[in-house]
Amino acid sequence: MKIHDYEKAKACLDRARKIQGFDESLFHAIHLLKIEEEGVFAGQSFRAKFGRYDVITDVSQEFANEVAQFMDKVYKDYVKVFPYKKNETLRFHVKVFATESGFDSYTKRVTGRSIFDGMGKMLAWYMPITKELVGWKDKELFRTMTHEGLHQYIDYFVDQCPMWFNEGYACYFETSTSEEAKFNENRHQTAKYALGLKKFVSLRELLLMNRQQWDAGGEAV
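Basis of the calculations
Residues numbered from 1 in each chain as written. Predicted model: local features only at pLDDT ≥ 70, side-chain atom pairs only at ≥ 80, totals over all residues. Heavy atoms only, no water. Salt bridge = Lys/Arg side-chain N within 4 Å of Asp/Glu carboxyl O. Helix = DSSP H or I, 4+ residues; strand = E, 2+ residues; numbered from the N terminus. Buried < 20%, exposed > 50% of the residue type's maximum accessible area, 1.4 Å probe, protein only. Core = buried A, V, L, I, M, F, W, Y, C linked by side-chain atoms within 4.5 Å. Contact = heavy atoms within 4.5 Å. Pairing = 2+ DSSP bridges. Phe/Tyr/Trp six-rings, centres within 6.5 Å; stacked < 30°, edge-to-face > 60°.

(A) Representation of the pattern of salt bridges within the structure. Counted by the stated rule, this structure contains ten salt bridges. Put simply, lysine 76 and aspartate 72 hold a salt bridge, and the shortest N to O gap is 3.5 Å. Pair noted here: lysine 76 and aspartate 72 are both in helix α3 (residues 61–81), with a separation of four residues, about one helical turn. Arginine 211 is the salt-bridge partner of glutamate 167, the closest N and O atoms lying 3.5 Å from each other. In this pair, glutamate 167 is assigned in helix α6 (residues 163–175) and arginine 211 in helix α9 (residues 211–217), connecting sequence segments 44 residues apart. Arginine 211 gets classed as partly exposed once you look at its relative accessible area, which sits at 34%. One network of salt bridges, in which partners are shared, links Lys49, Asp54 and Arg91.

Written as structure tokens, this is what we have:
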């Protein structure tokens, strides 16, 4: 699933099912494979390959090319900050929907949750089990993709990356580059708001947080 070779994934899942039977993780993987086999987009889709990125979208071929080229440019910036040389043959997979409703429909099929269940507007997310970046075409999409794309990049090379590091650098790349650090007004205002409400955690708690604790913290982090 992680290399998006679905025929190989299907064979592996069949062997796993015969050996260990069904469990929650296997059932979820089979569910994801079924979604891919049935088709992600309701209508016509467009594909683009550029650098290390494979993009599929239902917007247009021009937009597919634009996303692939943008993400490859961002990738080169990631590499300057984190110059890893591991798994260089792996591809980074991206799906972009034309509408918020299409994005929400896919998110519910994959995760069982709506994008409207969270605390704010969601433009994109990264799913580790398939190592794919998914979003929808909004004016702020590319900024969000630089954040979520960092999660995707880090996950290819680092197992169990600390949340403070992963999220911290993802926020850094929202406004900054490897060449220039820029002030992130949105994150600054969020921090001021949380401090005003006394909704924050200790440094020790922050450094030791896992994914579940981080997500449960909401605005406190």
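Moving on from the coordinates now.
(B) Quick peek at the nonpolar core. Val67, Val94, Met145, Leu150 and Tyr153 are the most contacted members of the largest nonpolar core, which has 29 residues in total. Only β1 (46–50), β2 (53–57), α3, β3 (92–97), β4 (124–127), α5 (141–157) and α6 provide two or more residues apiece to this core. Looking at this core element by element, the count peaks at eight residues for α3. If we ignore the near neighbours within four places in the chain, the residues touching methionine 145 are Val67, Phe70, Met71, Tyr78, Val94, Val96, Ala124 and Leu133. By size, the runner-up hydrophobic cluster in this structure holds 15 residues, among which are Tyr106, Val110, Met127 and Val134.

(C) View of the pairing of β2. The buried fraction of β2 amounts to five of the five residues, a majority that puts the element mostly inside the structure. Neither face of β2 is exposed, since Tyr53, Val55 and Thr57 on one face and Asp54 and Ile56 on the opposite face are all buried. Pairing geometry for β1 and β2, over five bridges, is antiparallel. For phenylalanine 46, the partnering residue across the bridge sits in β2 and is threonine 57. With five bridges connecting them, β2 and β3 associate as parallel partners. Looking at the pairing, threonine 57 lines up with valine 96 of β3.

(D) Inspection of the packing of aromatic side chains at higher detail. Per the counting criterion, the structure on display carries 24 aromatic pairs. A ring pair is formed by tyrosine 75 and tyrosine 153, whose centres lie 5.7 Å apart and whose planes are at 70°; its orientation type is edge-to-face. A residue pair is termed long-range when its members are at least 10 positions apart, and tyrosine 75 in helix α3 and tyrosine 153 in helix α5 qualify at 78 residues. Summarising the burial analysis for this pair, tyrosine 75 and tyrosine 153 share the class buried. Taking 6.4 Å as the distance between ring centres and 20° as the angle between the ring planes, the aromatic pair formed by phenylalanine 92 and tyrosine 153 counts as stacked. One end of the pair, phenylalanine 92, is in strand β3; the other, tyrosine 153, is in helix α5, and 61 residues separate them in sequence. Comparing phenylalanine 92 with tyrosine 153 shows no difference in burial state: the two are buried.

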